[in-house]
Amino acid sequence: MTEPSLETRNLTIRFGGHTAVDDVSCAFRPGELTVIVGPNGAGKTTYFNLMSGQLKPSAGTIFKAGHDITGLSPSARAKAGMGRAFQLTNLFPRLSVLENVRLAVQARHGIGPRLFRKVGSFASLAETAMQHLEATHLTAVAHFPAAALPHGDQRKLEVALLLAMEPDIFMFDEPTAGMSVDEAPVILELVEKIKHDTSKTILLVEHKMDVVRALADRIIVLNNGALVADGAPEEVMSLPIVREIYLGIPADAEDAA
Amino acid sequence: MSQMELASGPTADPARPDPARNGRVIVYGLVGLIGLALAFAPFLFQDVRAGQVAARICVFIVLVASYDLLIGYTGIVSFAHTMFFGLGAYGTAIALKQMGAGWDAIIVGGAAGIIAAALLAALIGVLSLRVKAIFFAMVTLAAASVMLVLASQLSGITNGEDGLVYQVPRLFKPAMKLMTDADGKVLKIMGVSMNGKITAYYFVFIASALLFWAMMRIVRSPLGTVLEAIRENEMRAEAIGYKVVAYRTAVFVIAAVIAACAGILWAVWLRYTGPDTTLSFSIMIDILLMVVIGGMGTMVGSVIGVVLMSLAQFYLKDLMQLAASATEGISVLPHLLEPDRWLLWLGLLFILLVYFFPAGIAGTLMKKGNH
């Protein structure tokens, strides 16, 4: 089996008396798409925040390709190839759609010593940014301020920013949340495309069961902050705890019936 | 083709109706006019006071624009901008006093002021730009107060509250003859004597224009977009790979250095440096008001803010004197328009400006800020 590209060992965070992520040890490998499921408040987003560095763990360690990155800042983790799309849209509202994406391209590729040249003269930056906008069907609104976009387009821009970072670990936090039925496939197709590149590791928080079935190589289940199940999709989906979480059937109800 | 179709032409893009375009034309037109007026100020406005106002406008445009780099572009609230301005001015003034009126004094003193400003800004930035905005603002307030106290207490070097009076290089002295006619007298062009006053003004004007141009380059560079990204969403800027603290510290140092440069110009122009002309908090408040009136996050807004506010500060009293004498005989008006009440009217003017231009004059006209 390939080396894990990302691993958490005994990862824990407490807020006062509440343990939001509880001793989670889990490894993710390149070429694998792992879906993280769990009820609201299970700690999925908090787990993401710990891995991408927005939160510091109370205990435990995070490894990226074998290196301890627990102490790194979010920007250093981004530079190391970890990319994150956020659940709640998290953009630069008064900058244009193109500027939003160009910033991510610029962070990835750098501009070296030419810092004070006019930003418009960096043709390659804008070109690359436009490619990402094409991929997310946003070229028509490239010059609109991000805040002026409808919700679905903001979600797409969120994903475009992640693409522009060109990470090797993709973390999607409910990328299709609140999107209409005809918009969601754009995002899912993109995720599928990334999946074809076996050097990439994909983590996906998702609630829609049809999406989970179509994409997942593996499912892990978080409940009350703890990792309660981990395995192949069919296997995990049939576990009583998952059925309880998603179908509202208590674990013992079926036996009784 | 009908008249209607002709009128809609290629500029009217139905997908992007652009009400901001007219605003941009007005703003840039206004700024262009101000630039021209400043470029020919010694010829257009020949009395001594007008020359003083024009030079102050040049220096303050640089000072206010550099402050806008912090507050408008990056979202950093600092009250220490006059401290950096003062470091540049005092560095130059002390060197001119100690070393005599030479260019070497301006270069050595100015460089010392700039280096001190840069080091102090880097120190404050590294130590406190991580903390919340309000704490950072408090730290800068404390630093600025300390500097003000130092300037008045170290009277051996700074001459305390009285400040320093000194000579400037011969090139800037009124007695210097820049051009002479056949008889060896100072040549007059359009009634303006070609003496040291002219060279001093153009020294200030050209240096200010260069500094302003440099700042325009910064905000239009890739760095400028990163600064705006930090203002817009600090957390996401960090998440896509920008070291927010490093960028903030860098822009804080850049703004400090430019403020110190403005201080050098001010010291050379005034031939006097004291706490009231450089370090006082009333100047800090002026800077804040100018940036808000002009429009935060718009470099050109600082030009408009500085001009409007300077004209009001220097000429509102005169205008009211005129109005008061014109309304003489009418019951209450002359009392209201009494020149001593000019601050009341200035305050009223601010309230109206903020009400009608919530994002500042340039900001509102260019529809940039809606916050």
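What counts and what doesn't
- Numbering of residues starts from 1 in each chain and follows the order in which that chain's sequence is written.
- Whichever chain is written first is A, and whichever ligand is written first is 1; the rest continue in order.
- Reporting in this predicted model follows two pLDDT cut-offs: at least 70 for local features of residues, and 80 or more for side-chain atom pairs to be given and counted; totals over whole chains, interfaces and linings ignore these cut-offs and use all residues.
- Water and hydrogen atoms were dropped before computing side-chain values, which therefore reflect all heavy atoms in the structure.
- A pair of strands counts as paired when DSSP detects no fewer than two bridges linking them.
- For helices the rule is a DSSP run of H or I covering at least 4 residues; for strands it is a run of E covering at least 2, with both sets numbered from the N terminus onward.
- Take a side-chain nitrogen of Lys or Arg and a carboxyl oxygen of Asp or Glu: if they are within 4 Å of each other, that pair is a salt bridge.
- Working definition: with a 1.4 Å probe on protein chains only, accessible area under 20% of the residue-type maximum means buried, over 50% means exposed, and in between means partly exposed.
- Source of the domain bounds: an automatic or database domain assignment.
- As a working definition, buried area equals the accessible area (1.4 Å probe) given up by two parts on being put together, with both sides summed.
- Here a polar contact means two N or O atoms within 3.5 Å. Within protein one must be a hydrogen donor candidate and the other an acceptor candidate, and residues neighboring in sequence count only if both atoms are side-chain atoms.
- All amino acids are sorted into three groups, where Ala, Val, Leu, Ile, Met, Phe, Trp, Tyr, Cys and Pro are nonpolar, Asp, Glu, Lys and Arg are charged, and the leftover types, Gly among them, are polar.
- A fitted line through C-alpha atoms serves as each axis, taken over the contacting stretch for helices, and the angle formed by two N-to-C directions is quoted from 0 to 180°.
- In this analysis, two residues are considered to be in contact whenever any of their non-hydrogen atoms come within 4.5 Å of each other.
- A helix is expected to reach a length of 1.5 Å times the quantity of its residues less one.

Trainee: Mind showing me how you'd approach the pairing of strand E2 (residues 18–28) of chain A here?
Mentor: Here 7 bridges tie strand E1 (residues 6–15) of chain A to E2 of chain A, and the two strands are oriented antiparallel to one another. Bridge pairing links Thr8 of chain A to Cys26 of chain A in E2 of chain A.

Trainee: Even after reading the chapter, I still don't get the pattern of salt bridges, so can you show me in this structure?
Mentor: Proximity of charged atoms lets side chains of opposite charge pair with each other. Inspection of every chain in the model, using the stated rule, returns 14 salt bridges over all chains. With a closest N to O distance of 3.7 Å, Arg84 of chain A and Asp173 of chain A form a salt bridge. Linking Arg84 of chain A in strand E6 (residues 82–85) with Asp173 of chain A in strand E7 (residues 169–173), this pair joins segments that are 89 residues apart in sequence. For the pair formed by Arg84 of chain A and Asp173 of chain A, the shared burial category is buried. Taking the shortest distance from any N to any O, the salt bridge between Glu158 of chain A and Arg236 of chain B comes out at 2.4 Å. Here Glu158 of chain A, found in helix H5 (residues 151–164), pairs with Arg236 of chain B, found in helix H11 (residues 234–239), and the two come from separate chains. What makes Glu158 of chain A buried here is its relative accessible area of 0%.

Trainee: Please explain the domain arrangement of chain A as it appears in this structure.
Mentor: How large an interface is tends to be reported as the accessible area lost when its parts come together. Residues and elements named next belong to chain A. Each assigned domain of chain A is listed here: domain 1 (1–81 + 167–257) and domain 2 (90–166). The C-alpha-based centres of domain 1 and domain 2 are spaced at 26 Å. Of all residues in domain 1, Pro167, Val186 and Leu190 give up the largest surface area on contact with domain 2, accounting jointly for 36% of the area buried on that side. Here domain 1 is connected to domain 2 by 3 residue pairs in polar contact (both at pLDDT 80 or more). Of all the elements in the fold, those that place two or more residues in the side of domain 1 that touches domain 2 are helix H2 (74–79), E7 and helix H6 (184–196). Of the residues in the side of domain 1 that touches domain 2, the class split is 12 nonpolar, 1 polar and 5 charged.

Trainee: Hey, could you run me through the sheet that holds strand E3 (residues 33–37) of chain A in this one?
Mentor: Pairing between the strands of a sheet comes from backbone hydrogen bonds, and it takes one of two forms, parallel or antiparallel. Residues and elements named next belong to chain A. Taken in spatial order, the 6 strands of this open sheet run E6-E7-E8-E3-E9-E10, and their pairing is mixed. Each end of this open sheet is capped by a strand with a single partner; those strands are E6 and strand E10 (226–231). Each adjacent strand pair in this sheet contributes to an overall mean axis angle of 15°, direction not counted. Along the sheet, helix H1 (residues 44–52) contacts E3, E6, E7, strand E8 (201–205) and strand E9 (218–223); its crossing angle with E7, the most-contacted strand, is approximately 150°. Set on the sheet, H5 makes contact with E6 and E7; between it and E7 the angle comes to about 165°.

Trainee: What am I meant to see in unusual backbone geometry here?
Mentor: Glycine aside, residues mostly have negative phi, and peptide bonds are mostly found in the trans state. Residues and elements named next belong to chain A. Here the phi dihedral of His137 falls at roughly 60°; this positive angle occurs in a residue that is not glycine. If you trace the backbone, His137 turns up in the loop between helix H4 (123–135) and H5. Using a relative accessible area of 55% as the deciding quantity, one classes His137 as exposed. Of note in the backbone geometry, Glu166 takes a positive phi value of approximately 45° without being a glycine. Looking at where Glu166 falls in the secondary structure, it is placed in the loop between H5 and E7.

Trainee: When you look at helix H14 (residues 281–294) of chain B in this model, what are you seeing that I'm missing?
Mentor: Helical geometry note: an α-helix holds 3.6 residues per turn, so side chains three or four residues apart project in the same direction. Residues and elements named next belong to chain B. The end-to-end C-alpha separation of H14 is 20 Å, in line with the 20 Å expected for 14 residues at 1.5 Å each. What H14 keeps buried is the set Ile283, Met284, Asp286, Ile287, Met290, Val291, Ile293 and Gly294. Among the residues trailing H14, Gly295 stands out with phi positive, at a value near 125°.

Trainee: Looking at this structure, how should I read the interface of chain B and chain A?
Mentor: Across the contact, 28 residues belong to chain B and 32 residues belong to chain A. Across the chain B/chain A interface, buried area totals approximately 2700 Å², and carbon plus sulfur atoms make up 61% of it. Looking at the side of chain B facing chain A, the largest losses of area belong to Pro222, Arg236 and Ile240 of chain B, adding up to 25% of the total buried there. Applying the counting rule to chain B against chain A returns 2 salt bridges. With a closest N to O distance of 3.2 Å, Arg94 of chain A and Glu232 of chain B form a salt bridge. Mapped onto the side of chain B that touches chain A, the elements with two or more residues apiece are helix H9 (196–220), helix H10 (222–232) and H11 of chain B. With 8 residues, the top contributor of residues to the side of chain B that touches chain A is H10 of chain B.

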